[in-house]
Structures are given as structure tokens and as C-alpha cells.
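Now for the letters of each chain:
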Amino acid sequence: MKDQKLISIDSLSYHKITDINQENCLELLQNSFDQFVEKMQLVADYQNINNKNKIQTNFFSFNHQPINFGCFNSEIIVQELHRFYHLKPIHNFINDQNRTEFWAQQHNEEELQDKLQNVDQYLTTKIQEDGVFYKYFGNYVFHHYLQDGQNDKGWGCAYRSCMSVISWFRENGYVDKDKVKVPSITEIQKMLIEMGDKEANFMNSSQWIGAFEVSFIIQKLIDIECKIIFLQDGADIRTKLEEFKSHFINEGTPIMFGGDQYAYSILGIDYNEDEGDAKFLILDPHYVGPDNYKNIVDKGGISWKKADLFLPNTFYNFCCPLRNKSLN
């Protein structure tokens, strides 16, 4: 086992307990398992193994917390699933965070799950008729849910958006990459506590952050200012289009924003000034899946959104980092 790359799957956690009964549990687990065939092939390529059954037998096990559903125990179902797929139960993780996605246990995780740059390059650029596309410049890295073995699904979107914005400064030469790393969720929480913005019990919690906290982190790590644009009502988003246009022309940095318990990044706008309307190029940290361009585009990790993304009677804060222009 020392030289093998063991990947684990927790399929049960993809479904609410109320969705599972004794009759459909095995089927749900099988369906979840089948969703990962593409990821398994990546491991096969990495190991120079072409026989998928050999991978299943030698390299895969199920990662689960034994859960008592009343009429049956999940451990029994997982054992049945091992038999169904001819899986050898070579290792059985008990994972405190009950992660819901693949993760690599050993030191070669980065080789299996490299993060991607500029995932918008595979989208159609022109969306609006007679519109003008104003966008970020340079490069960024896409950070999203469940990367780095961290189960932040449901609460970590602003942290991931913060990471993507910080990556922009690293990739475009505004900081020394050796000195300024993209912080982990734990490191972001620690910094906010040290700043006095959060109490000690914020550490290792699943508490959300928003645009203001993201601005504090960016200002501390990159040593720049961030402009906060406040929108009282999402229905009025078109009143901010000129500000967004000016930002992308003069700053060119991604804009992180939060509202209605969600966070995203705006990478650009396709702006029709005559009609006063635009579509928004949205980098979505809620994406869950493998880091390849096709999956990210197909599942909406990057996409064009209409103005109705911004909901009526909901306020939004936009964190607009102001780059150090002396470093141009």
C-alpha cells in the first residue's frame, strides 16, 4: 500500500437521510459510484493502468461513517456494494468531516487534482447584441468547493472566491509567489480572529464570511485597498453597471460579491450601454467536480448570467480590489 495512490469515495453523504431507505440505498450508492468513472480514469492514466476493474479492485474503497438508519446500518450496505463491484476492502477510512468528494490520501494529491487557470476561456465571448465586453486581465486560478480535502460545501463559497481573487495577484506578478500563498480556509479564519474581526470560536467553524471579510484578507495579504460597492436591492443591479465597467477598465481585477447567503466572482460584463443592460461572467465557487475545463463549463462553474441573478429585496456587497498600479 505504501506506493499506491488510494482514492476514497463517500457516496452516502450525497443524499439526505430522508432520501434513503433499505430498498433504494444500494441503487443510490451505485449511481454515485458511476458518476466518478471519469475521475477513476484520471487515476488510471496516472498509474499507467488501462484496466478499470483492476483499479476498482486494487485502488478504491468506500469512505463512510457507519450510520444507523433504523432498519439497517450503512456499513452493511457498503459491504454489499463492495461485493457488487468486486471491490477489495483494502482500507476503510473513518473521516471526521465525512467528505463528499474524492480526495487523495498521499502526497501526490496535487498531481491528481491540479487547479486550473482561466476557466472562462472555453465560453463564448460575445453574448449581448451591440454589447461591449469589459473583463479582468491576466490570469487567475479557479478555487471551488471541496478542493484540498476540505468539505466546505454549503458554507465555504466566499472563502473560495477570496482564494480565486488572491490567486489573480499571485499569477500577475503583484506579489512574490514564494512569500504570499493562497490561504486555506483555516488560515483565513485565523487571520480574521487575529485582526479582531471574529471571536475565538470562529476557528474551525463552518461560519460564512462576506465581502467585507474578504476585503480584510486581501488588504492584509496583498497590501492594497478594496472598494466596497453596496447594492440595497438586487433588482437595481443595472444602476451599478457603469461602476463595474470603470472597474474592469481601470483595475482589471475579479470582483467578489456576496448576497442571499451566496458568494461569487464577476470576471467581466458584456454591457449594452444603449439598453442599459448586461450579462455577467460569473465564476461559481459552488462547483463540485473534477478540475477539468469541460466539466467546469458543463456544470456551470463558469457561465454567463443575466441580471436576474441578483434577487429583488436582497442586498449585495461587491469587493473590488484596487491593484497597485506602480507595479504595472
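Everything below is about the structure printed above this text.
Residues numbered from 1 in each chain as written. Predicted model: local features only at pLDDT ≥ 70, side-chain atom pairs only at ≥ 80, totals over all residues. Heavy atoms only, no water.

1. Here's the deal with the pairing of strand 8 (residues 277-283)
Line of reasoning, step 1. Across the seven residues that make up strand 8, a large majority, five, are buried.
Line of reasoning, step 2. As paired elements, strand 7 (residues 262-272) and strand 8 share seven bridges and run antiparallel to each other. Within strand 8, the position partnered with isoleucine 266 by the bridge is isoleucine 282.
Line of reasoning, step 3. In this structure, the hairpin formed by strand 7 and strand 8 is closed by a connection of four residues, where glycine 276 is found at a positive phi of approximately 65°.
Line of reasoning, step 4. Relative to strand 9 (residues 302-305), strand 8 is paired through four bridges, and the arrangement is antiparallel. Residue leucine 283 lies in a different strand from strand 9, and its bridge partner there is isoleucine 302. (Buried < 20%, exposed > 50% of the residue type's maximum accessible area, 1.4 Å probe, protein only. Helix = DSSP H or I, 4+ residues; strand = E, 2+ residues; numbered from the N terminus. Pairing = 2+ DSSP bridges.)

2. A word on the packing of helix 7 (residues 185-194) against helix 8 (residues 211-222)
Line of reasoning, step 1. Taken N-terminus to C-terminus, the directions of helix 7 and helix 8 make an angle of 90°; their axes are 10 Å apart at the nearest point. By the angle between their axes, helix 7 is roughly perpendicular relative to helix 8. For the pair helix 7 and helix 8, contact is made by Ile188, Met191 and Leu192 and by Glu213, Phe216, Ile217, Lys220 and Leu221, respectively.
Line of reasoning, step 2. Of the residues that constitute the contact of helix 7 with helix 8, the class distribution is six nonpolar, no polar and two charged. (Axes fitted to C-alpha atoms, helices over the stretch in contact; angles between N-to-C directions. Parallel < 35°, antiparallel > 145°, perpendicular 65-115°, else oblique. Contact = heavy atoms within 4.5 Å. Nonpolar A, V, L, I, M, F, W, Y, C, P; charged D, E, K, R; others polar.)

3. Comments concerning helix 6 (residues 157-171)
Line of reasoning, step 1. Taking 1.5 Å of rise per residue, 15 residues should cover 21 Å, and helix 6 covers 21 Å from first to last C-alpha, within 8% of that figure.
Line of reasoning, step 2. Of all the 15 residues making up helix 6, 14 are buried; the element is thus mostly covered by neighbouring parts of the structure.
Line of reasoning, step 3. Taken from the residues just after helix 6, glycine 173 is the one with a positive phi, measuring 80°. (Expected span 1.5 Å × (residues − 1).)

4. Re the side chain of histidine 144
Line of reasoning, step 1. In this structure, histidine 144 sits in the loop between strand 4 (132-135) and helix 6.
Line of reasoning, step 2. Not counting chain neighbours up to four residues away, the residues in contact with histidine 144 comprise Arg160, Pro285, Tyr287, Gly289 and Asp291.

5. Quick word on the packing of helix 6 against helix 7
Line of reasoning, step 1. One way to put it is that helix 6 packs onto helix 7 with a least axis distance of 10 Å and a crossing angle of 95°. In terms of axis orientation, helix 6 runs roughly perpendicular to helix 7. In contact with Tyr159, Arg160, Cys162 and Met163 of helix 6, helix 7 contributes Ile185, Ile188 and Gln189.
Line of reasoning, step 2. Class assignment for the residues of the contact of helix 6 with helix 7 results in five nonpolar, one polar and one charged.

6. Quick look at the packing of aromatic side chains
Line of reasoning, step 1. Evaluation of the coordinates by the stated rule reveals 19 aromatic pairs.
Line of reasoning, step 2. Across the ring face of phenylalanine 202, the terminal group of lysine 198 is positioned such that the distance to the ring centre comes to 5.4 Å. (Phe/Tyr/Trp six-rings, centres within 6.5 Å; stacked < 30°, edge-to-face > 60°. Lys NZ or Arg CZ within 6 Å of the ring centre and 35° of its normal.)

7. A few points about the nonpolar core
A general trend in soluble globular proteins is that nonpolar side chains are found buried together.
Line of reasoning, step 1. Of all hydrophobic cores here, the largest spans 45 residues; its most connected members are Val119, Ile188, Ile209, Ile218, Ile222, Met256 and Ile302.
Line of reasoning, step 2. For this core, the leading source of residues is helix 6, giving nine residues.
Line of reasoning, step 3. The next biggest cluster of nonpolar side chains, apart from the first, holds 22 residues, and it includes Ile229, Leu241, Tyr264 and Ile282. (Core = buried A, V, L, I, M, F, W, Y, C linked by side-chain atoms within 4.5 Å.)

8. Remarks on the environment of isoleucine 255
Line of reasoning, step 1. Within the element layout of this structure, isoleucine 255 appears in strand 6 (residues 255-259).
Line of reasoning, step 2. Overall, the relative accessible area of 0% leaves isoleucine 255 in the buried class.
Line of reasoning, step 3. In contact with isoleucine 255, not counting residues within four places along its chain, are Phe244, His247, Phe248, Tyr264, Ser265, Ile266, Phe318, Cys319 and Cys320.

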